[in-house]
Amino acid sequence: MTPFDLQRILLDELPVSFLYEVAFRASLAFIAVFLFLKCSGRRGIRQLSLFELVVILTLGSAAGDVSFYHDVALLPVAVVFLTLLMLYRLTIFAIGRSKHLHAFIEGVPVTVVKNGLYELKSFKKLNISSSELLMEFRQRGVEHLGQVRLAIVETDGDVSLYFFAGENVRPGLSVLPPEHRDEYKIALHSGIHCCINCGFAQRIENGSGATCARCNSGIWSAALTTHRTDAN
């Protein structure tokens, strides 16, 4: 074997003319994936659920193989695409008639914040950290949890937010990263403080500590009461 042999590096034992076949195969694969998504309905072009992601990854693998492997025939790959399409349509039909199957395949929306407080059980179900959730909130213009009436993680991973009206905003935990908010066990001033573990707000006097009445944590941060504005 000759080191740095351009023929071997670029084409191995294939002729240059095989590049035209690669372009032809890639075009067919592109058209096949497009037609699959077109035939699968509008669900196929939204943000993907776990089930849809599995289908797309399988399609991508089949399309990639047929695009540049000269020993992969086109008809078997076409059968793969047709089989996936039939399975997809059959599954969509089935989950439309069974709530249990729908919940198993697509998942169910999970409430992560309710009335300005973390739903702690939800974090265990989702295997998601509060820091990941707070990043989503910051990107949506949320300053503290007291502004949030309801936050729901949808089956596609997106977060739906519902806010309190201005006059109903309550004291809430800041959604800023720890380096941008004070966290302490002993209150630095008298007032309302929020548990950083669950968001629960309670009054603590200067120089005192407390155990959260909701989750038994003992680390606090100053509560915020700012309202959302149109600019948010």
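1. Brief notes about the pattern of salt bridges
Across all of its chains, the model carries three salt bridges by this definition. Taking the shortest distance from any N to any O, the salt bridge between Arg214 and Glu119 comes out at 3.9 Å. Residue Arg214 is found in the loop between β6 (201-204) and β7 (220-222), and its partner Glu119 is found in the loop between β2 (117-118) and α6 (120-126); the two are separated by 95 residues along the sequence. Using a relative accessible area of 28% as the deciding quantity, one classes Glu119 as partly exposed.

2. Section: a nonpolar patch on the surface
Side chains of Phe24, Leu28, Phe30, Ile31, Phe34, Leu35 and Leu74 sit close together on the surface and give an oily, nonpolar patch of about 690 Å² of accessible area. The dominant element in the nonpolar patch, judged by the number of residues it contributes, is helix α2 (residues 18-40), at six residues. Relative to the elements of secondary structure, Phe30 occurs in helix α2.

3. A word on the nonpolar core
Counting residues in hydrophobic clusters, the biggest one holds 19 residues, and the most contacted among them are Val113, Tyr118, Leu133, Phe137, Leu145, Ala151 and Leu161. Those elements giving two or more residues to this core turn out to be β1 (110-114), α7 (130-139), β3 (148-153) and β4 (159-163). Excluding residues within four positions of it along the chain, Val113 makes contact with Tyr118, Glu119, Leu133, Phe137, Leu145, Val148, Arg149, Leu150 and Ala151. Grouped together as the second largest cluster of nonpolar side chains are 15 residues, Phe36, Val55, Leu59 and Ile105 included.

About the thresholds
Residues numbered from 1 in each chain as written. Predicted model: local features only at pLDDT ≥ 70, side-chain atom pairs only at ≥ 80, totals over all residues. Heavy atoms only, no water. Salt bridge = Lys/Arg side-chain N within 4 Å of Asp/Glu carboxyl O. Helix = DSSP H or I, 4+ residues; strand = E, 2+ residues; numbered from the N terminus. Buried < 20%, exposed > 50% of the residue type's maximum accessible area, 1.4 Å probe, protein only. Patch = residues over 30% accessible without salt bridge, like charges linked within 9 Å, V, L, I, M, F, W, Y side chains within 5 Å. Areas by Shrake-Rupley, 256 points an atom, 1.4 Å probe, with all protein chains shown as cover. Core = buried A, V, L, I, M, F, W, Y, C linked by side-chain atoms within 4.5 Å. Contact = heavy atoms within 4.5 Å.

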